[in-house]
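Reading the structure
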Amino acid sequence: MRKVFAIARRILSQFRHDHRTLALLFLAPTFVLWLFSVLLGTGAYIPRLATVDLPADFQTVLEAQDVMLENVSKARATELLEANEVDAVLYFEDESELTIWVEGSDASKTAACLAQTQAAMVELQKDAVSELESSVNDVSVDIPDQVMTSLPVEVREALSAAMTAPDFAELMPIRNLDITYLHGSDDWTRFDFFGPVFIGIFLFVFVFLTSGMSLVTERSGGTMERFLTTPIKPWQVVGGYSLGFGLLALMQSVSILWAIISLIGFPNEGSLVLVVLVVVSMALVSLTLGLLVSGLAKSSFQVIQLMILFVVPQILLSGIFDLSQAPTWLRAIASCFPIYYGADALRDVMLRGAGFTDIAINLTVLWGFIVAFFALATISFRKKRARLASRTEY
Amino acid sequence: MGNILLAPGEPAIKVQNAVQRFGKQTVLDHVSLEVEQGAILGLLGPSGCGKTTLVNLLVGITVPIGGKVEVLGEQAPYKNARYSLGFMPQDEALYEDITAAENLAFFGAMYGLDKEQIKIESARALELASLEDQGKKLVAKFSTGMKRRLSLAIALLHSPQLLVLDEPTVGLDPEQRIKLWNNFRTLAQDGTTFLITTHVMDEANNCDRIAMLRDGHIIATGTPQELIEQTHTTTLEEAFLAFGKTYDSVVQPTSEKEALDA
């Protein structure tokens with residue numbers, strides 16, 4: 001074990017002397033996450049609408065929605081739409097049919113236009129229904145009892161049938177909407193959903209890079225050869241690197257989490273200890289994968305290429321894009337990737353307040369990856385003695 | 001450190017018919033070599049002759065394709081011998097982003113030294129390499145000569161029984177060179193075996209024995225005096241050229257054929 005500690009100590013002192021790398025290690029992920037939080041934290045998109053001769057009451061309810069309105073002529077509206085200065089034009093084709101003419105190139109903007117217009121229509125209908133109700137009630141009070149009794153039975157029945165107010169509850173079963181949240185609240189932004197995934201991804205990439213470069217630089221610096229002549233066993237090498245970079249990753253995780261929760265103000269519903277546990281497990285997967293890849297790479301350029309091969313697909317399938325309705329084969333691929341499990345667990349804990357037992361499976365899978373990558377890295381290191389020969393000039 | 005049970009008469013290095021090939025190119029062709037305990041062997045040859053390949057076999061970085069390599073009575077992977085083996089590679093092979101002392105402490109720990117031993121041995125090795133006051137300095141700030149000396153200090157750190165030094169005196173000034181050779185001589189008298197590669201012929205005069213390597217073949221072995229006498233020349237350089245000529249006239253036809261095959 002002393003040799004393992006010695007390797008870890010050497011790695012840490014290498015970083016301790018290298019202030020710039022050390023600073024970048026902590027500042028870069030925090031800065032990028034902050035940028036993301038600003039980008040995605042702006043809330044829902046506010047659509048820009050041009051209206052052409054809408055009825056006054058519809059115009060009024062529309063103004064109350066989350067939209068930017070511009071009341072213009074039809075010709076001007078066409079211009080604005082073509083110049084992409086508004087997202088949709090609202091006008092009436094005939095008396096009762098509202099036309100929504102959308103720009104249409106950005107599906108999310110189209111959806112926002114439709115949602116806001118529909119919300120305005122619901123408001124308008126609500127007003128119409130209550131108006132109708134009160135007008136019907138007005139009608140029903142006007143006939144005195146003496147007049148009623150003097151009327152023939154048929155007329156009385158017909159009258160009372162006509163005067164019975166329609167059952168509005170039956171005609172309009174939904175007249176109001178109230179949203180309650182199982183998790184989160186209405187002020188959560190898109191970043192809040194993506195945040196946990198991004199924490200996982202950034203840590204994964206940064207840890208992968210540092211550990212992936214390590215063995216490559218040792219080889220190009222010639223220290224690897226010297227290293228291999230000492231009485232050290234492959235597992236001690238991989239263990240030492242894992243310990244050294246693991247401690248570094250732990251510090252990195254804690255600092256990123258601290259920044260994201262206290263500086264950026266990201267919500268955390270679950271226990272912080274559990275979040276750190278998941279994040280560190282992910283970092284260790286990345287670390288061991290990096291060591292494995294570092295054994296395969298001949299240059300630092302190849303490390304980057306291998307990172308694109310090994311990490312980018314994982315990022316794409318990590319949960320940035322919703323996979324719950326993706327084809328089965330795509331979900332099968334995603335379930336082979338460690339980031340998927342880490343991001344899923346992070347979301348469960350940070351957004352849904354999940355406990356240890358809820359994410360136990362995800363953690364088990366992550367640690368399975370760690371053990372597998374560690375073993376593979378050790379095996380590939382064992383073979384490295386032979387592979388070094390091809391590099392050595394004679 | 002050494003717990004090797006090597007009988008007094010046994011050679012410290014025993015290479016028998018070692019063959020090493022990279023792709024189609026044969027770099028070592030049936031090389032045989034023995035080095036007695038406490039002797040300094042100079043491995044002499046131009047660059048590209050297979051010196052570093054032979055060194056890599058001896059220190060256990062690579063395993064030969066054919067033949068047998070024994071170091072301190074053990075074959076690769078040298079489970080015990082590694083503890084008694086010191087190696088100075090041709091390139092510096094130092095961690096430049098940590099201090100000299102941290103380099104020494106790291107490699108010391110790799111050889112199983114404890115904290116106290118590392119402290120004592122580091123001081124001794126730094127003194128030997130004339131780097132007494134440089135321990136706390138980052139290696140990146142060292143000059144080339146200082147790096148070579150630190151590299152040597154690391155090889156000497158664990159008082160190995162066998163030292164394999166690949167071009168140890170490159171980039172050193174004459175004064176340091178003389179000091180180093182005196183140190184080597186002292187260590188050899190205490191029983192340390194040396195294998196030193198060099199292409200500087202006059203330095204080879206300091207060795208007890210010399211093995212001349214050319215195109216992956218050992219073309220001559222003997223004391224410097226013997227080699228000079230055998231070729232009726234006056235310097236080792238001339239002797240080397242003479243052996244080379246003899247070798248070429250005998251082997252050239254086959255090696256030309258090999259080249260055609262390749």
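All chains use their own residue numbering, which begins from 1 and follows the written sequence. Here chains are named by letter from A upward and ligands by number from 1 upward, in the order in which they appear as written. Whole-chain, interface and lining totals are the exception, using all residues; otherwise, since this is a predicted model, local features are given only for residues with pLDDT of at least 70 and side-chain atom pairs are given and counted only at 80 or more. By convention in this description, side-chain values take in all heavy atoms of the structure and omit both hydrogens and water.

**As for the overall build of chain B**
- Helix and strand assignments come from DSSP, with helices taken as H or I runs of at least 4 residues and strands as E runs of at least 2, each series counted from the N terminus. Within chain B, the regular secondary structure consists of eight helices and 10 strands.
- Taking 262 residues into account, the globule formula puts the C-alpha radius of gyration at 18 Å, and chain B, at 19 Å, falls close to it.
- The C-alpha extent of chain B, read off along each of the three principal axes, is 60 × 40 × 40 Å.
- Per-residue burial over chain B gives 53% buried out of 262 residues.
- Using a 1.4 Å probe, the Shrake-Rupley method yields the accessible areas, and only the shown protein chains count as cover for residues. Carbon and sulfur atoms make up 51% of the accessible area of chain B, which amounts to about 11700 Å² in all.
- For the charge count, each Lys or Arg is scored as positive and each Asp or Glu as negative, with His and the chain ends excluded. Charged side chains are reduced to one point each, which is NZ for Lys, CZ for Arg, CG for Asp and CD for Glu. If you average the places of the 23 positive and of the 34 negative side-chain charges in chain B, the two averages end up 5 Å apart. Values of the radius of gyration come from C-alpha atoms, whereas the globule rule sets the reference at 2.2 Å times the count of residues to the power 0.38. Classification of residues uses two cut-offs on accessible area relative to the type maximum, computed with a 1.4 Å probe and protein chains only: under 20% is buried, over 50% is exposed, and between them is partly exposed.

**Concerning the state of the cysteines**
All names here are of chain B.
- Note that a disulfide, as used here, is simply two cysteine sulfur atoms within 2.5 Å. Tallied over the entire structure, the rule returns zero disulfides over all chains.
- We note that Cys49 lacks a disulfide partner, and the nearest cysteine sulfur, in Cys207, lies 14 Å from it.
- Owing to a relative accessible area of 2%, Cys49 belongs among the buried residues under this scheme.
- A residue is classified by how much of its surface remains accessible, and Cys207, at 5% relative accessible area, is buried.

**A few points about the sheet that holds strand E10 (residues 217–222) of chain B**
Residues and elements named next belong to chain B.
- Paired strands are those between which DSSP finds at least two bridges. Pairing is mixed across the open sheet formed by six strands, whose spatial order is E6-E7-E8-E3-E9-E10. The open sheet has two edge strands with one neighbour each: strand E6 (85–88) and E10. Adjacent strand axes in the sheet meet at a mean angle of 15°, parallel and antiparallel pairs treated alike.
- Pairing of strand E7 (residues 162–166) with strand E8 (residues 193–198) involves five bridges; the strand directions are parallel. In the sheet register, Leu162 faces E8, and the bridge partner there is Thr193.
- Whether two residues are in contact is decided by their heavy atoms: any pair within 4.5 Å suffices. Convention adopted: a line fitted to C-alpha atoms gives each axis, helices being fitted over their contacting stretch, and angles between N-to-C directions are expressed from 0 to 180 degrees. Running over the sheet, helix H1 (residues 51–58) touches strand E3 (40–44), E6, E7, E8 and strand E9 (209–214) and is turned about 155° from E8.
- Packed onto the sheet, helix H5 (residues 174–189) meets E3, E7 and E8 and runs at close to 150° relative to E8.

**Observations concerning the pairing of strand E2 (residues 25–35) of chain B**
Residue and element names in this part refer to chain B.
- One ladder, built from seven bridges, connects strand E1 (residues 13–22) with E2; its direction is antiparallel. Each bridged residue has a counterpart across the sheet, and for Lys14 the counterpart in E2 is Glu34.
- Here E1 hands over to E2 after two residues, with Gly23 in that stretch at a positive phi of 65°.

**Digging into a negative patch on the surface**
Residues and elements named next belong to chain A.
- Residues Glu93, Asp94, Glu95 and Glu97 make up a contiguous surface patch of negative charge.
- By secondary structure assignment, the location of Glu93 is in the loop between strand E3 (88–92) and strand E4 (98–102).
- Taking the relative accessible area as the measure of exposure, Glu93 reaches 52% and is therefore exposed. Patches in this entry comprise residues that are over 30% relatively accessible and not in a salt bridge; like charges within 9 Å are linked, as are nonpolar side chains (Val, Leu, Ile, Met, Phe, Trp, Tyr) within 5 Å. Basic side-chain nitrogens of Lys or Arg form a salt bridge, by our definition, when they fall within 4 Å of a carboxyl oxygen of Asp or Glu.

**What to know about the nonpolar core**
- Buried Ala, Val, Leu, Ile, Met, Phe, Trp, Tyr and Cys residues that are joined via side-chain atoms within 4.5 Å together make up what is termed a nonpolar core. Within the largest apolar cluster, 94 residues are counted, with the highest numbers of intra-cluster contacts made by Ile7, Ile199, Phe227, Tyr241, Leu346 and Ile359 of chain A together with Leu150 of chain B.
- Setting aside residues no more than four positions away along its own chain, Ile199 of chain A makes contact with Leu33, Ile256, Leu257, Ile260, Val279, Leu346 and Met350 of chain A.
- Formed by 31 residues, the second largest nonpolar core is a distinct cluster that contains Ile13, Val55, Ala81 and Leu195 of chain B.

**Considerations on the pattern of salt bridges**
- A full pass over the atoms with the stated rule returns 12 salt bridges over all chains.
- Residues Glu123 of chain A and Lys126 of chain A are paired through a salt bridge, measuring 3.5 Å at the closest nitrogen-oxygen approach. With Glu123 of chain A and Lys126 of chain A both in helix H5 (residues 107–140) and three residues apart, this pair spans about one turn of that helix.
- With relative accessibility at 29%, the residue Lys126 of chain A sits in the partly exposed group.
- We note a salt bridge from Lys147 of chain B to Glu96 of chain B, for which the minimum N-O separation is 3.2 Å.

**Section: a nonpolar patch on the surface**
- A cluster of nonpolar side chains, Phe31, Trp34, Leu35, Val38 and Leu39 of chain A, forms an exposed patch at the surface whose accessible area comes to about 510 Å².
- Accessibility expressed as a relative area gives 43% for Trp34 of chain A, which makes it partly exposed.

**Some words on the packing of aromatic side chains**
- The pairing test for Phe, Tyr and Trp rings, Trp by its six-membered ring, is centres within 6.5 Å, and the orientation test on the planes gives stacked under 30 degrees, edge-to-face over 60, and tilted for anything in between. Per the stated rule, a full pass over the model turns up 13 aromatic pairs over all chains.
- Measuring from ring centre to ring centre gives 5.0 Å for Phe184 of chain B and Phe194 of chain B, while their planes differ by 45°; the resulting arrangement is tilted. Of this pair, Phe184 of chain B sits in helix H5 while Phe194 of chain B sits in strand E8, and the two are 10 residues apart along the sequence.
- Ring pairing ties together the aromatic residues Phe227 of chain A together with Tyr95, Phe106 and Phe107 of chain B, which thus form one cluster.
- When the ring centre of Tyr95 of chain B is taken as origin, the NZ or CZ atom of Arg10 of chain A, which lies over that ring, is 3.8 Å away.
- Note on criteria: charge over ring means Lys NZ or Arg CZ within 6 Å of the ring centre, with the direction from the centre no more than 35 degrees off the ring normal. In this structure, Lys74 of chain A packs its charged tip against the face of Tyr91 of chain A, placed 4.2 Å from the ring centre.

**Structural notes on the pairing of E3 of chain A**
All names here are of chain A.
- The buried fraction of E3 amounts to four of the five residues, a majority that puts the element mostly inside the structure.
- Of the strand pairs in this sheet, E3 and E4 are connected by five bridges, and their pairing is antiparallel. Bridge pairing in E4 places Phe92 opposite Leu98.
- Hairpin remark: E3 followed by E4, antiparallel, with five residues in the connecting loop.

**Notes on the interface of chain B and chain A**
- Between chain B and chain A, the residue contacts involve 38 residues of the former and 29 residues of the latter.
- In this description, buried area is defined as the sum, over both parts, of the accessible area (probe of 1.4 Å) that is lost when the two are combined. Of the roughly 2900 Å² buried at the junction of chain B and chain A (both faces included), carbon and sulfur atoms supply 61%.
- Taken as a group, Ile61, Tyr95 and Met110 of chain B account for 22% of the area that chain B buries against chain A, more than any other trio of residues on that side.
- Scanning the region where chain B abuts chain A turns up one salt bridge.
- The residue Arg16 of chain A makes a salt bridge to Glu102 of chain B at a minimum N-O spacing of 3.1 Å.
- Polar contact is the term for a pair of N or O atoms within 3.5 Å; when the atoms are in protein, one must be able to donate a hydrogen and the other to accept it, and sequence-neighboring residues count only if both atoms are side-chain atoms. The tally of links between chain B and chain A comes to 13 residue pairs in polar contact (both at pLDDT 80 or more).
- Those elements giving two or more residues to the side of chain B that touches chain A turn out to be E2, H1, E6, helix H2 (100–110) and helix H4 (144–156) of chain B.
- Broken down by element, the side of chain B that touches chain A gets its largest block of residues, five residues, from H2 of chain B.

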